[in-house]
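Now for the letters of each chain:
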Amino acid sequence: MVTALKAFLATPAGRFVGIYALVLSLSFLVLALRPVNDQIVNPYTTLVAHEARLVLNLFGERATVSKQVLSSPRFSVAIFNGCNGLEAILIFVSGVVAFPAPWRRKVAGIVLGFLAIQVFNVVRVVSLFYVGIFRPQWFSVSHIFVWQSLVIVFSVVLWLGWVRTYALAGARR
Amino acid sequence: MPSRAPAAEMRTFLRRLPLALAGAVVLWALARPIYTRALCATAQFLARVAEVPPASAVVPQGSDALLGRTDMRADSGWLKFPLTQIHFNFVPFLALALALPHPLAGRGWRRLLAALAILAAAHSLALLFQLKFLEAFSMGPWSQANYSDLARNVYGSLRYFFDIPVTFALPLLLWIGTYPQQVFALVGLGSPVRR
């Protein structure tokens, strides 16, 4: 078992998986620290709530934000860890960092991926808000099952897209 | 060097992904009632292994689990926990796996079953740590008397680790670890998988 694991970690795929797991574990560990949570995660989650508020108000919702709670006269939702898109960002960023590519391409991938996931997450929050208004009985399954599954798949597809169209672009030329 | 063939592999993968996602949802929905009971039984067994008296309880209730202790009043400190939060990641993992070219060919079946077993083990541990977190933090004086500060920190960390990082990252790690050849061929770092 240990020999097989060592042999796997010696392959390019194994090295990627090893580095990916390490980077991801460390980044989630850092996020769990209280000062990081208070100074970075909570303000970031509030920013996500404000982004969703802007979109909702385009649809005439008259939404407001108080800390991490997004409210309108028709519905209210609190955005917690796991719903703020940071997990998707970490999955993507760790994949980018672990992949053997030039650092300039990694930095560009991280910036573009971050923006793409932001947009995706705002769509998630806004759609969940409307599910809460029109089909509240579907909220839980939409929130936990549908959107969290889609977030994981989206992060992976985004990473695959980055690798194929950008990270390996230099090697292709 | 990436070859041109992986671009075709990638297109095929992206075309198959929505279908694979739908298939994974159906499989998950069919397996969920039995899996929920098995998951609760496993977590309860693990919680009681080193417990005297064995009183930790994980009781399946629809798609939720009731977490608590049988040596306490029925209305004290029991938590209703949505199990979907723990095992939904079967769906993205299965979808990613089934969207690959020939995921079950050769030893693919065995590798897929091994990956699902790892995922199931992670689910059992996630549920176990939810229970231990509840016992360590939310049962008032009983928690204070039976769990040290160190134990509370350990169970709090383990609960967080299995609740978010493991839940979200394991599907991707298992996907790459189970099908390294296919995934690396897909991104252009290996030979395309033979049809």
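An account of the accompanying structure is given in this report.

Attention shifts here to the environment of B:N146. All names here are of chain B. Position of N146 relative to the elements: it lies in helix 5 (residues 140-146). Residue classification places N146 among the partly exposed residues on the basis of a relative accessible area of 45%. Separated by eleven residues in the primary sequence, N146 and E135 place their C-alpha atoms 8.7 Å from one another. Looking at N146, its side chain comes within polar contact range of the main-chain oxygen of W142, at 2.8 Å.

Turning our attention to the pairing of strand 1 (residues 56-61) of chain B. Residues and elements named next belong to chain B. Strand direction decides the pairing type here: strand 1 and strand 2 (residues 64-69), joined by six bridges, are antiparallel. Bridge pairing links V59 to L66 in strand 2. Between strand 1 and strand 2, which pair antiparallel and follow one another directly, the connecting turn spans two residues, one of which, G62, has a positive phi of 65°.

Right, let's talk about the sheet that holds strand 1 (residues 64-66) of chain A for a bit. Through backbone hydrogen bonds, the strands of a sheet pair up, either in parallel or in antiparallel fashion. Residues and elements named next belong to chain A. With respect to topology, three strands assemble into an open sheet ordered 1-2-3, the strand pairing being antiparallel. Either end of the sheet is taken by a strand with one partner, and the two such strands are strand 1 and strand 3 (76-78). Looking at each pair of strands side by side, their axes are set apart by 20° on average, direction ignored.

With 35 residues of chain A at the contact, the number on the chain B side is 38 residues. In total, about 3,100 Å² of surface goes out of reach between chain A and chain B, with carbon and sulfur atoms giving 86% of it. Seen at the junction of chain A and chain B, the total is zero salt bridges. Joining chain A to chain B, the criterion identifies one residue pair in polar contact (both at pLDDT 80 or more). Mapped by element, the contributors of at least two residues to the side of chain A that touches chain B are helix 2 (12-32), helix 4 (86-98), helix 6 (139-167) and helix 7 (169-172) of chain A. Within the side of chain A that touches chain B, the residues separate by chemical class into 26 nonpolar, six polar and three charged.

About the criteria used
Residues numbered from 1 in each chain as written. Chains lettered and ligands numbered in written order. Predicted model: local features only at pLDDT ≥ 70, side-chain atom pairs only at ≥ 80, totals over all residues. Heavy atoms only, no water. Helix = DSSP H or I, 4+ residues; strand = E, 2+ residues; numbered from the N terminus. Buried < 20%, exposed > 50% of the residue type's maximum accessible area, 1.4 Å probe, protein only. Polar contact = N/O pair within 3.5 Å; in protein donor to acceptor, adjacent residues only side chain to side chain. Pairing = 2+ DSSP bridges. Axes fitted to C-alpha atoms, helices over the stretch in contact; angles between N-to-C directions. Contact = heavy atoms within 4.5 Å. Buried area = accessible area lost by both parts, 1.4 Å probe. Salt bridge = Lys/Arg side-chain N within 4 Å of Asp/Glu carboxyl O. Nonpolar A, V, L, I, M, F, W, Y, C, P; charged D, E, K, R; others polar.

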